[in-house]
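# Observations on chain architecture
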Amino acid sequence: MKVSIHAVNFNVDGKLVNFVQERMDKLERYYGKVVSSDVYLKVVKTSDKENKIVELKVNVPGNEFLVKKQCKSFEEAIDLSSGSLGRLLVKTKEKTRSQA
């Protein structure tokens with residue numbers, strides 16, 4: 001799957017890129033027709049400790065899913081959002097099976 005990573009307000013390191021790629025590759029197990037995905041990593045300048053925002057946008061034929069999470073670390077936010085996205089993809093796969 002083609003994964004585009006966009007870092008806003010900071011420079012992303014290689015370990016984080018590899019972590020994102022691994023999590024996004026796991027999503028293909030849930031629904032094999034994923035066309036592409038965009039990952040937006042943002043740092044918000046607030047006094048709050050939970051200032052890391054991750055937005056995952058996944059394109060599948062006929063649909064586009066967007067999940068947004070805010071946590072203390074990017075890894076935690078990616079784990080939570082990829083889990084939510086996995087559940088969405090499973091539901092979509094079940095719907096397409098029942099319609100066929």
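Residues numbered from 1 in each chain as written. Predicted model: local features only at pLDDT ≥ 70, side-chain atom pairs only at ≥ 80, totals over all residues. Heavy atoms only, no water.

### Here we look at the side chain of S4
Its location among the elements puts S4 in strand β1 (residues 2-8). Setting aside residues no more than four positions away along its own chain, S4 makes contact with S37, D38 and V39. (Helix = DSSP H or I, 4+ residues; strand = E, 2+ residues; numbered from the N terminus. Contact = heavy atoms within 4.5 Å.)

### A word on the layout of surface pockets
Empty space within the largest pocket amounts to approximately 150 Å³. Around the largest pocket sit Y31, V60, P61, N63, F65, L88, K91, T92, K95, T96 and Q99, which together line it. The set of elements that each furnish at least two residues to the lining of the largest pocket consists of β4 (63-71) and α2 (74-99). In terms of residues, the lining of the largest pocket owes the most to one element, α2, which gives six residues. Considered class by class, the residues forming the lining of the largest pocket number five nonpolar, four polar and two charged. (1 Å grid on protein atoms, 1.4 Å probe; cavity = no way out; pocket = protein on both sides within 12 Å on 5 of 7 lines; lining within 4 Å. Points joined across faces, edges and corners; volume = space filled by probe spheres on them. Nonpolar A, V, L, I, M, F, W, Y, C, P; charged D, E, K, R; others polar.)

### Some remarks on the nonpolar core
Of all hydrophobic cores here, the largest spans 23 residues; its most connected members are M24 and I78. Counting residues per element, the ones that place at least two in this core are α1 (14-27), β2 (36-43), β3 (52-60), β4 and α2. Residues in contact with M24, not counting those within four places in the same chain, are M1, V3, S37, V39, L56 and V58. (Core = buried A, V, L, I, M, F, W, Y, C linked by side-chain atoms within 4.5 Å. Buried < 20%, exposed > 50% of the residue type's maximum accessible area, 1.4 Å probe, protein only.)

### Notes on the environment of N59
By secondary structure assignment, the location of N59 is in strand β3. Of the residues examined, N59 reaches a relative accessible area of 19% and is grouped as buried. Measuring from C-alpha to C-alpha, the distance between N59 and S36 comes to 5.4 Å, with 23 residues separating the pair along the chain. In contact with N59, not counting residues within four places along its chain, are V34, V35, S36 and E64.

### Some words on the pattern of salt bridges
Applying the stated criterion across every chain yields a total of three salt bridges. Here D79 ties to R23 by a salt bridge, and the two come within 2.6 Å at their closest N and O atoms. Placement of D79 in helix α2 and of R23 in helix α1 is noted, with a sequence separation of 56 residues between them. Looking at R23, the relative accessible area reads 17%, which means it is buried. The partner of E55 in a salt bridge is K42, with the nearest N and O atoms 3.1 Å apart. Here E55, found in strand β3, pairs with K42, found in strand β2; they are 13 residues apart in sequence, far enough to count as distant. Each member of the salt-bridge network shares a partner with another, and the members are K42, E55 and K68. (Salt bridge = Lys/Arg side-chain N within 4 Å of Asp/Glu carboxyl O.)

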